[in-house]
Each structure stands twice: as C-alpha cells, then as structure tokens.
Amino acid sequence: MGTYDCTKCPAYCCSYERIIVNKRDVKKLAKHFDLDPEVAAKRFTKTREGEVVLRHQKDKIYGSVCMFLDTKTRRCTIYNARPGVCHEYPEYPTCGYYDFLSWEREQQQDEKFIPLKKG
Ligand code: SF4
Ligand code: SF4
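All figures in this text were calculated on a predicted structure; none of them were measured in a lab.

Draft legend 1. Up close: the pattern of salt bridges. With the rule as written, the count across this model stands at 4 salt bridges. Taking the shortest distance from any N to any O, the salt bridge between aspartate 5 and lysine 8 comes out at 3.9 Å. A salt bridge links glutamate 17 to arginine 48; the nearest nitrogen and oxygen atoms lie 3.9 Å apart. Separated by 31 residues along the polypeptide, glutamate 17 in the segment before helix H1 (23-33) and arginine 48 in strand S1 (residues 45-48) bring together distant segments of the chain.

Draft legend 2. Spatial organisation of the site of ligand 2. Around ligand 2, a shell composed of Cys14, Ile19, Leu54, Cys66, Phe68, Leu69, Cys76, Ile78, Pro83 and Cys86 is seen. For the shell around ligand 2, the class distribution of residues is 10 nonpolar, no polar and no charged.

Draft legend 3. Highlighting the side chain of arginine 74. Along the chain, arginine 74 falls in the loop between strand S5 (69-70) and strand S6 (75-76). In this structure arginine 74 comes out as buried when scored by relative accessible area, which is 9%. A distance of 3.0 Å separates a polar atom in the side chain of arginine 74 from the backbone oxygen of threonine 71. Setting aside its immediate chain neighbours within four residues, arginine 74 contacts Cys9, Pro10, Ala11, Asp59, Ile61, Tyr62, Val65 and Leu69.

Draft legend 4. Fine view of the nonpolar core. Ranked by size, the top nonpolar core spans 12 residues in total: Ile19, Val21, Val26, Leu29, Ala30, Ala40, Phe44, Leu54, Cys66, Phe68, Ile78 and Ala81. Elements with a contribution of two residues or more to this core: H1 and helix H2 (37-44). No other element matches the 3 residues that H1 contributes to this core. Counting residues in hydrophobic clusters, the runner-up holds 9 residues, among them Tyr62, Leu69, Tyr97 and Tyr98.

Rules used in this analysis
- Residues numbered from 1 in each chain as written.
- Chains lettered and ligands numbered in written order.
- Predicted model: local features only at pLDDT ≥ 70, side-chain atom pairs only at ≥ 80, totals over all residues.
- Heavy atoms only, no water.
- Salt bridge = Lys/Arg side-chain N within 4 Å of Asp/Glu carboxyl O.
- Helix = DSSP H or I, 4+ residues; strand = E, 2+ residues; numbered from the N terminus.
- Near = heavy atom within 4 Å.
- Nonpolar A, V, L, I, M, F, W, Y, C, P; charged D, E, K, R; others polar.
- Buried < 20%, exposed > 50% of the residue type's maximum accessible area, 1.4 Å probe, protein only.
- Polar contact = N/O pair within 3.5 Å; in protein donor to acceptor, adjacent residues only side chain to side chain.
- Contact = heavy atoms within 4.5 Å.
- Core = buried A, V, L, I, M, F, W, Y, C linked by side-chain atoms within 4.5 Å.

Below is the structure:
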C-alpha cells in the first residue's frame, strides 16, 4: 500500500459507469464548451438508474470509458472543467486500483502491464 501515481495508470477510475454530475458540473461544462446548459446536459450526460452521469465512449482497455478521456494519452481532456467527483476522487491517500496495478506489474516484472477487466 502506498500513494498512487495517476500518470502511470490508464485511468481506470474514468471507466466507472457512475460518474455523477450535478447542475454546477453541467454549468461548468457548458461554459467550457461555450454551450447552453441544456445543450451541454444533453450532449454530455445521460440518466442512469435515476442519476445524471457522464456519457461514455468505447475503449480498447476497459471496454467503455468517460467520453472526455483521451483514449490514447489516458488523460482527461477537460481537466479544468471536470466534475466535482473527478476532482475529489479517490478521496483517500491511496487508490485500490493503483495498488492492484502496481502489485501485478511487480509480479509480471513489466511496468506497463495492465490487468484487464474480464467480461
Ligand atoms: S484508478 Fe487510481 S491511479 Fe488510476 S487514474 Fe484513477 S485515481 Fe489515479
Ligand atoms: S471528466 Fe475527466 S477525470 Fe472525470 S471521468 Fe471523465 S475523463 Fe475522467
């Protein structure tokens, strides 16, 4: 266990289906893209199980990731306008996925190894 380094991770947390956005987040997105909040809400969000979440795009590594992730560089394309939940995540000084990733990379002796999600 230790701290995490997002620059060495292919952004697993951006593959979560549940990336909740609130009105403030939508306003921030709208401003960033110079759109009306209603247009931004429609274009960038969807309702899933009663919650408003960010839309996804296809991804070679995790199957599906947030539409704002650059799938090549694995970086957020709207870093300064990203929703509050992305800003706060993972809320702890450690990241469970990063621990898993580092452990697997050590076992495989391959610092770029990515254990894949099955199914
Ligand atoms: S899964 Fe953890 S290490 Fe990877 S990008 Fe997200 S917070 Fe960073
Ligand atoms: S907005 Fe950026 S940080 Fe948040 S899930 Fe999407 S790509 Fe990741």
